[in-house]
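# Residue-level structural notes
Each chain, written out:
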Amino acid sequence: MITFDTIIRGGTVVTDTETLQCDVGISGGKVAELGENLSDAREVVDAAGKLVMPGGIDSHVHLAQPSAPGIVMADDFASGTRAAAFGGNTMVLPFALQQKGESLRQVVKDYHAKADGKCYVDVSFHLIIADATERVLGQELPALVEDGYTSFKVFMTYEGLALSDLEMLNVMSVARETGALVMVHAENYDAIRFLTDRLERAGNTAPKFHAASRPIPVEREATHRAISLAEIVDVPIMIVHVSNRAAMEEIARAQARGLKIYGETCPQYLVLTEKDLGGLNMEGAKYVCSPPPRDEPSQQACWEGLQQGIFSLFSSDHCPFRYDDPHGKLHPKGRTSFRWVPNGIPGIETRLPILFSEGVGKGRISLNEFVALTSTNHAKTYGLYPQKGAIAAGSDADIAIWDPEREVTISQKLMHGGCDYTPYEGLSVKGWPVSTILRGKFVVRDGALVGAPGAGSYVSRAKSPLAAPR
Ligand code: DUC
Ligand code: ZN
Ligand code: ZN
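Scope of this entry: the structure provided in the associated data block. (Residues numbered from 1 in each chain as written. Chains lettered and ligands numbered in written order. Predicted model: local features only at pLDDT ≥ 70, side-chain atom pairs only at ≥ 80, totals over all residues. Heavy atoms only, no water.)

### Examining the nonpolar core
Proteins that are soluble and globular tend to have nonpolar side chains buried together. The condition is simple: Buried Ala, Val, Leu, Ile, Met, Phe, Trp, Tyr and Cys residues that are joined via side-chain atoms within 4.5 Å together make up what is termed a nonpolar core. Between buried and exposed lies partly exposed: a residue is buried under 20% and exposed over 50% of the maximum accessible area for its type, with that area taken using a 1.4 Å probe on protein chains only. The contact rule is simple, with two residues in contact once any of their heavy atoms fall within 4.5 Å.
Counting 129 residues, the largest nonpolar core has L127, I129, F152, V184, I237, I239 and F370 as the members making the most contacts within it. If we ignore the near neighbours within four places in the chain, the residues touching F370 are M53, L352, L355, F356, V360, I365 and W402. Counting residues in each nonpolar core, the second largest holds 16 residues, with C22, V52, I401 and I437 among its members.

Written out as structure tokens, the structure reads:
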């Protein structure tokens, strides 16, 4: 009998805690053994000179999500998960977005229909709660948490999505009762409306004014309020896509007080700035996302947040809209004011190389921290560990093989998703994922797609060990 299906031989295995020179033996889609000189396999993969790391888990992405009328998201589950695989990811967590009046259970069914048979990597859904009715909070949500939908996002801004403080408290209370984890988009809705109206009245409608419509205090105030509401309910929360020092310090202060407040940041807050929104004509629309990219001191703050563990997650917040498209950034209404430019940028394929190159390559974080921030902590935060986020006996064999020396200039022509631009065009990085293995099977092999849509499965999740104990 053959011992292993596959051996990955001669690479440097990196986990969140260890860096080892060893082989990885895989059987039945699981890691079977780590050891030196493993032998007896159907296939041996030469990984000499390469890094062998847990596949990336991107726990904040938007795929096939409805937006405003006439706007279409650039990625469905096929194109988005294909791009994820090329970017070294083996799992993504998109949102199932409830719109006002919709049954949450129906929304989840609809998202399964969109994803089933289409995915190149594994997926699991967070919920977005837009309609915090008694029925949703009293019946649907608790039942869905028990069914493995153990995290949900709430918005403090956006028409049709923003919850009042009372609604936030009620949602948080359900999270406390059910042991679910709440993710918070922290921006002050009224302040954004006030500033947007004022900018428009003054004729300041170009994309660059998007940043001026939601300055740092808008995010800082909402972050503080979200933390206070969570403290009142006594429930852990995750503040997503933190962009600047003031918001980060709110989180750090709460953590220092012993509160279970967690933080996430994203590539756009490390390598983009508000200046990118100032491109000629409508070019700046390519960088319209919320919160907006800030300035160099904010970038530095986000690095410190990652280094000091204030942020435990580094996600893409992939939310792609095509640029040269009337259903995307150049929607006719978007040309009249930044207010109507769809918020969000692509990043599912570039998240890992950017953090590897700017973080590990420039000595800001260690290789083990890289693995923690991009894979292991996501699995631990969202009830997937140790099935995911690890290279250890018994874990799913979800592995990315990296060439740490490969130099790449990021360019749209290298991307594999549905968008028509990358906000990171021209950024040079060193280190690139060359192969991605999902449960023991190659999805991408030496830069070529070999996986099939449908090889990725839906993964039901346990409750987060970070959430309120149940
Ligand atoms: N929030 C997100 O999380 N993604 C894109 C847009 C937004 O506001
Ligand atoms: Zn958000
Ligand atoms: Zn998002």
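### Some thoughts on the pattern of salt bridges
Spelled out, the test is: We define a salt bridge as a side-chain nitrogen of Lys or Arg found within 4 Å of a carboxyl oxygen belonging to Asp or Glu. Strands are runs of DSSP state E lasting at least 2 residues, helices are runs of H or I lasting at least 4, and numbering of each runs from the N terminus.
For the structure shown, the criterion picks out 27 salt bridges. Measuring nitrogen to oxygen at the nearest pair gives 3.7 Å for the salt bridge that ties R351 to D58. Taken together, the residues R351 in helix α11 (residues 351-360) and D58 in strand β8 (residues 56-61) connect sequence positions 293 residues apart. What makes R351 buried here is its relative accessible area of 0%. On the accessibility criterion, D58 (0% relative accessible area) is buried. Counted as one network, the salt bridges with shared partners bring together K30, D122, K388, D396, D398 and R439.

### Considerations on the coordination of the zinc ion (ligand 3)
Test applied: Counted as coordinating are nitrogen, oxygen and sulfur atoms within 2.8 Å of the metal, or 3.2 Å for Na, K and Ca, while water is not included, which may make sites look incomplete.
For the zinc ion (ligand 3), the full set of protein donor atoms is H60 (NE2), H62 (NE2) and D317 (OD), and the range of their distances to it is 1.9 to 2.0 Å. Coordination of the zinc ion (ligand 3) draws on donor residues from a single chain, spaced H-x1-H-x254-D in sequence. Here the zinc ion (ligand 2) and the zinc ion (ligand 3) are spaced 4.1 Å from one another. Here H60, found in strand β8, pairs with D317, found in the loop between β16 (311-314) and α11; they are 257 residues apart in sequence, far enough to count as distant. Exposure class is identical for H60 and D317. Each is buried.

### Comments concerning the sheet that holds strand β4 (residues 23-27)
Basically, it comes down to this: Note on pairing: two strands pair once DSSP finds at least 2 bridges between them. Axes here mean lines fitted to C-alpha atoms, for a helix over just the part in contact, with angles spanning 0 to 180 degrees between N-to-C directions.
An order of β5-β4-β1-β6 is seen for the four strands of this open sheet, with the pairing classed as mixed. The outermost strands of the open sheet, each flanked by one partner alone, are β5 (30-35) and β6 (41-46). Recorded for the sheet is a direction-independent mean angle of 20° between the axes of neighbouring strands. When β4 meets β5, the two strands line up antiparallel, connected through five bridges. Bridge pairing links V24 to L34 in β5.

Geometric descriptors of this kind do not, in isolation, establish any biological role.
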